[in-house]
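# Structural characterization, general
Okay, here's what each chain looks like letter by letter:
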Amino acid sequence: MNEIVIRGARLYGEGDPVDVHVADGTIATIGEAGAVTPGEDAEVIEARGQVLLPGFVDLHTHLREPGREDTETIDSGSAAAALGGYTAVFAMANTDPVADNAVVVEHVWRRGREVGLVDVHPVGAVTVGLKGEKLAEMGTMAKSVAGVRLFSDDGHCVADPLLMRRALEYSTALGVVVAQHAEEPRLTVGAQAHEGERAARLGYTGWPSSAEESIVARDCVLARHAGARLHICHVSTTGTVDVLGWAKGLGIDVSAEVTPHHLLLTDERLATYDPVNKVNPPLRAGADVERMRRALADGVIDCVATDHAPHAVQDKDCEWAAARPGMLGLQTALSIVAETMVRPGLLDWRGVARVMSERPAEIAGLPDQGRPLAAGEPANLVLVDPDAEWTVRGAELASVAANTPYEGMRLPAVVSATLLRGRITSREGKIG
Amino acid sequence: MKHLLTTDGLAEDAATAILDTADELKRTLLGREVKKLPTLRGRTVITMFYENSTRTRVSFEIAGKWMSADVVNVSAGGSSVGKGESLRDTALTLAAAGADCVIVRHPASGAAHRLAGWLSEGGTSVVNAGDGTHEHPTQALLDAATLRERLGALKDRRIAIVGDVLHSRVARSNVHLLATLGAEVVLVAPPTLLPVGVGSWPVTVSHDLDAELPALDAVMMLRVQAERMHGGFFPSAREYSIAYGLNEARLGLLPEGAVVLHPGPMLRGMEIGSAVADAPQSAITEQVRNGVHVRMAVLYHLLAGDGGERG
């Protein structure tokens, strides 16, 4: 019997420390500190008052396998996830070949199981080849052993309104969610950076906020008429928050995520000319960042998703326009949330559990993730040292690629241990 | 000064020093049959042009040669660049081959800054000869040299920049430099050719050229590129020309002594009337002439400052 005792943890960072007894993949008992007597073979994790949370769920990860194993694999990406406190990740469909059929999604799902460090749920493409022309076989993917529940052309917007309408309508029969990368492509031709003062000065073609907001507004209307569920990827603008507030007020079934980098970084980073700061959607203005934080705190934005996007050195160490967009996120997400939301008092640790575990699990319909910390529940857990600080070094992260925009930054909150169904997948910065 | 990448933040005394050196070089060379100074003998200057350019490349080449530097021209078509080599590798190769200065033109905004970063350890200087829609600092310096010649000091002079500001690196470099030199800058363009965020620039903005002309000391016309005409930024070339072209009638609205500039190449009949380009107010050929002296001055300040032979 695989037994673990987490001694002296504070659930959600609240109340007195307790002992959590994990056996056979579930939380067996939770009792007063010192009250649990573990078996002889039990592994003991001394929590010393650290914060215990349900394991994190990332709705938006690029694991790059198959196709770009030189930047990330399901193996290395799973390790990064476990070290970051994640127990489930959704692997985006923009691989090569594209995850637009049952064969590819089953491969990704199976590789995730083999690695076994985190539940890897493949996201299915909405359209064949992400081309935005023809619906992919969503039903076949949903009914495959991978059981695809989330569909997205992420990296590309499903821009054709008729195709998006059909995707939303079709999804209702399958009970799945369509996640939109909201970017009206006609408004972002050649776009390089957030349209505003800084891009104007630096001569980067502007990426207008309206390109995101117009698609979000359109899709909320389409979802309303289709009676469908809609998820908005990586919200980045103030106007999108306004639209989401309006849509939720009308009872439209829409959810939304924000990335850690859109909670922290602004287009001031453009002045570095360093494409490690290039991302889609782009880093926005300070006012947008402030609004993202407030919207996440008050629930208009439901959850945090990393948009973890590994890239090779040659795709970043070049001129800005030639660089690929995206940045690493799995191992820094918690710390950025702690820095931007917990430290300023916008979220407590129960709130962190909500935005990093419970809500994303709900949105994707995962029955065994984001569960309460209670006896009988699956032991998908993360133990966080809220007071420790660490310095980010891209080369030390588990990903194959090293493109972190937080290089050299000192950040709060360290993952002490991650448990996936009662098995330790990471501990003190090392893989289980 | 190690590099010349931008006029944004270029200090007034540094800019003035370059302009003064340019004036001095011009006087020195005036009337000379042999236009050759020994100043940069033994120095290697490489021009690296990733975009077609005749006037800027030739101007830099002549500037280098008149200073006795060895000038090597690399064009994207005729080198390993065409084989897909990265900008970084090309730059490091040229630096390793012994370049003291790399003069770069590139279609990507910020490319010159990236280059300077990669070359920072090797001691190679970088001159931005135009990066995307970002900056073209030597153009702004030669425009300032030309304006100083015609107008004297630029403090409180009112200068309009007219046309496609959105895509113009010339406009950006001029806005910063002219503001530094104390001039008042007016941008005149349709709203579609002004960048979002222009409100934070040290300029005023107008959509009415006729209203601005009578108060100007100089007007700088920008080229309207063919792809903009077909890109839906304005309804037609004709309508643009009617609203923003500098024709003879408009020339008459300028005060006496006002100067007309154009960075070239010109589209006669489009943004500038043919007779206007050749009128006495026009300083367009002087701009080209001053371009050589200004670029000589830039090379001098970058390369001759630390032990280089002085002429």
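For chain B, an unreviewed UniProt entry supplies the name Aspartate carbamoyltransferase and the organism Prauserella flavalba. The Function (unreviewed entry) field of the UniProt record for chain B holds the comment "Catalyzes the condensation of carbamoyl phosphate and aspartate to form carbamoyl aspartate and inorganic phosphate, the committed step in the de novo pyrimidine nucleotide biosynthesis pathway." Comment text from UniProt for chain B, heading Catalytic activity (unreviewed entry), reads "carbamoyl phosphate + L-aspartate = N-carbamoyl-L-aspartate + phosphate + H(+)".

In the annotation of an unreviewed UniProt entry, chain A is listed under the name Dihydroorotase and assigned to Prauserella flavalba. On record in UniProt, under Sequence similarities (unreviewed entry), the comment for chain A is "Belongs to the metallo-dependent hydrolases superfamily. DHOase family. Class I DHOase subfamily."

## Section: the UniProt feature "binding site: carbamoyl phosphate" (unreviewed entry) in chain B
All names here are of chain B. Per the UniProt annotation, the sites labelled "binding site: carbamoyl phosphate" (unreviewed entry) are Arg55, Thr56, Arg105, His136, Gln139, Gly264 and Pro265. Relative to the elements of secondary structure, Thr56 occurs in helix α2 (residues 55-66). Excluding residues that lie within four positions of it along the chain, Thr56 makes contacts with Phe49, Arg105, Ala129, His136 and Arg295. Topologically, His136 is positioned in the loop between β4 (125-131) and α5 (137-151). Residue classification places His136 among the buried positions, given a relative accessible area of 3%.

## What to know about the interface of chain A and chain B
Contacts between the two partners involve 17 residues from chain A, matched on the other side by 20 residues from chain B. Each partner contributes to the roughly 1,600 Å² buried at the junction of chain A and chain B, and carbon and sulfur atoms together form 52% of this total. When the buried area of chain A at its contact with chain B is split by residue, A:Arg201, A:Tyr273 and A:Glu319 rank highest and sum to 43% of it. The partner of A:Asp317 in a salt bridge is B:Arg88, with the nearest N and O atoms 3.2 Å apart. If you look at where chain A meets chain B, you find 11 residue pairs in polar contact (both at pLDDT 80 or more). For the side of chain A that touches chain B, the per-class residue count stands at 8 nonpolar, 2 polar and 7 charged.

About the thresholds
- Residues numbered from 1 in each chain as written.
- Chains lettered and ligands numbered in written order.
- Predicted model: local features only at pLDDT ≥ 70, side-chain atom pairs only at ≥ 80, totals over all residues.
- Heavy atoms only, no water.
- UniProt positions renumbered as here; feature names shortened; annotations may be inferred.
- Helix = DSSP H or I, 4+ residues; strand = E, 2+ residues; numbered from the N terminus.
- Contact = heavy atoms within 4.5 Å.
- Buried < 20%, exposed > 50% of the residue type's maximum accessible area, 1.4 Å probe, protein only.
- Buried area = accessible area lost by both parts, 1.4 Å probe.
- Salt bridge = Lys/Arg side-chain N within 4 Å of Asp/Glu carboxyl O.
- Polar contact = N/O pair within 3.5 Å; in protein donor to acceptor, adjacent residues only side chain to side chain.
- Nonpolar A, V, L, I, M, F, W, Y, C, P; charged D, E, K, R; others polar.

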